[in-house]
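So the chains spell out like this:
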Amino acid sequence: MLSALADGELPVEELARANEHLAGCPQCTSIALVQSLLKSATARAGQRYAPTAGLRERVARLAAEEAPRTAQASPSPRTPRAAWGFGAYGWAAACALLLVGVSIFLVQRNVQRRSIASSTYAGLVTEVSDQHIATLAANSPPEVISSDRHTVKPWFQGKIPFSFNLPQNLPGDVTLDGANLTYLRSQPTAQLLYSIGKHRVSVFLQKKTGANAAGGPMAEHSGFHVTGFTTGDLEVVAVSDVDPARLSDLVERIEEVQTGAHEPAK
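All of the points below concern the structure found in this document. (Residues numbered from 1 in each chain as written. Predicted model: local features only at pLDDT ≥ 70, side-chain atom pairs only at ≥ 80, totals over all residues. Heavy atoms only, no water.)

## Side note on the pairing of strand β6 (residues 224-230)
Of all seven residues making up β6, six are buried, and the element is well covered by its neighbours. Direction of pairing for strand β5 (residues 219-221) relative to β6: antiparallel, over a ladder of three bridges. Looking across to β6, one finds that Glu220 is bridged to His225. Here β5 hands over to β6 after two residues, with Ser222 in that stretch at a positive phi of 55°. Taking the residues between adjacent antiparallel strands as the criterion, β6 and strand β7 (residues 234-240) are bridged by three residues. (Buried < 20%, exposed > 50% of the residue type's maximum accessible area, 1.4 Å probe, protein only. Helix = DSSP H or I, 4+ residues; strand = E, 2+ residues; numbered from the N terminus. Pairing = 2+ DSSP bridges.)

## Overview of the pattern of salt bridges
Tallied over the full model, the rule gives four salt bridges. A salt bridge links Arg185 to Glu235; the nearest nitrogen and oxygen atoms lie 2.3 Å apart. Taken as a pair, Arg185 in the loop between β2 (174-184) and β3 (187-196) and Glu235 in strand β7 lie far apart in primary sequence, 50 residues in all. Accessibility expressed as a relative area gives 28% for Arg185, which makes it partly exposed. Judged by its relative accessible area of 3%, Glu235 falls in the buried class. With a shortest N-O distance of 2.9 Å, Asp249 and Arg253 are connected by a salt bridge. Residue Asp249 and its partner Arg253 are both found in helix α7 (residues 244-256); the two are separated by four residues, about one turn of the helix. (Salt bridge = Lys/Arg side-chain N within 4 Å of Asp/Glu carboxyl O.)

## A closer look at the environment of Val34
Turning to its location among the elements, Val34 is positioned in helix α3 (residues 26-45). By relative accessible area, Val34 is classed as exposed at 51%. Sequence-wise, Val34 and Ala6 are 28 residues apart; in three dimensions their C-alpha atoms are separated by 9.2 Å.

## Considerations on the side chain of His225
Its location among the elements puts His225 in strand β6. The class of His225 is buried, set by a relative accessible area of 14%. A polar atom in the side chain of His225 sits 2.7 Å from the side chain of Glu220. Ignoring sequence-local partners within four residues, the contact set of His225 consists of Met218, Ala219, Glu220, Ala238, Val239, Ser240, Asp241, Val242, Pro244 and Leu247. (Polar contact = N/O pair within 3.5 Å; in protein donor to acceptor, adjacent residues only side chain to side chain. Contact = heavy atoms within 4.5 Å.)

## Overview of the nonpolar core
Judged by nonpolar contacts, the single largest core of 26 residues is most densely connected at Phe156, Phe164, Leu192, Tyr194, Val203, Leu205 and Leu250. Those elements that provide at least two residues to this core are β2, β3, β4 (199-207), β7 and α7. By size, the runner-up hydrophobic cluster in this structure holds 21 residues, among which are Ala32, Tyr121, Ile133 and Ala219. (Core = buried A, V, L, I, M, F, W, Y, C linked by side-chain atoms within 4.5 Å.)

## A word on the packing of aromatic side chains
Here the structure, examined in full by the defined rule, presents three aromatic pairs. The interplanar angle of 85° and the centroid separation of 4.9 Å between the aromatic rings of Trp155 and Phe156 together place this pair among those described as edge-to-face. The interplanar angle of 50° and the centroid separation of 6.5 Å between the aromatic rings of Phe162 and Phe164 together place this pair among those described as tilted. Comparing Phe162 with Phe164 shows no difference in burial state: the two are buried. What links up through ring pairs into an aromatic cluster is the set Trp155, Phe156, Phe162 and Phe164. Geometry around Trp155 places Lys159 over its ring, the cationic atom sitting 4.4 Å from the centre. (Phe/Tyr/Trp six-rings, centres within 6.5 Å; stacked < 30°, edge-to-face > 60°. Lys NZ or Arg CZ within 6 Å of the ring centre and 35° of its normal.)

## Points about α7
Look at α7: 18 Å from first C-alpha to last across 13 residues, which is about the 18 Å you get at 1.5 Å a residue. When we look at burial in α7, the residues that qualify are Leu247, Leu250, Val251 and Ile254. End-on, the buried residues of α7 take up no more than an arc of 95°, which puts them together on one face. For α7, the exposed residues set more than 90 degrees away from the buried face come down to Ala245 and Glu256. Packed against the buried residues of α7 are β2, β3, β4, β6 and β7. (Expected span 1.5 Å × (residues − 1). Arc of directions from axis to C-beta.)

## Looking at unusual backbone geometry
Positive phi, close to 50°, is recorded for Asn139, a residue that is not glycine. Among the structural elements, Asn139 can be located in the loop between α5 (80-138) and β1 (144-145). One non-glycine residue with positive phi stands out, namely Ser222, at about 55°. For Ser222, the position within the fold is in the loop between β5 and β6.

## Describing the pairing of β7
Where burial is concerned, most of β7 is hidden: seven out of the seven residues are buried. Where β4 meets β7, seven bridges bridge the pair, whose relative direction is antiparallel. Opposite Lys207, over in β7, you have Leu234 as the bridge partner. In this structure, β6 lies alongside β7, joined through six bridges in antiparallel fashion. Its bridge partner being in β7, Phe229 is matched across the sheet by Val236.

Here you go:
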């Protein structure tokens, strides 16, 4: 079950049972963490750059063209032009090889950056999905119960190192149910709880820590949809099993009202 958990293959019911067990079992929690880290490391290693066949052929052709010139060249004081010509060919080949080497380095660096960003986003998707499922499984009331944004937002003052805005005009079947104070990646996070019809939605707001993790594409995890955005100071990610278009609409409304709302909370 822990292997399936690390691979994101557990059904919702089994995932809820696994999370309940992990909450009280340090040994299984440690094993699950090791397997998740191993999975991430294996994914990164599998995406290392390998030179294409075309690139190898070009390097081999350059070497083959330079070899006869090196063997035939015999510089002497009587043939300065020949010596100069050999040097020019040598410098040209060296520059070409240097250019190939720099190109390989840049490609490797870009691939590594994309791999790290992809792994970071995948980890965030898993973490928010697990927290959302745990919230559903607990079936307990939010720490602050209110549909009034002017009640929910002030409740976080002094609890989180940032502020945020909440949209006022929502569709008729979309309601704000309340909020919790939680943690993502060991950072204090606001968990806003919405309902879209009969579907529950968790929206996590966190101070931006560097990597643009929350701005990835719509993702799927354990039957849930995950999407989000980043601003200059905030990372926001939402998770629900509602229709992706409805989830995106709510996220877009939250994004639209964030302008000027990122000063640290007093």
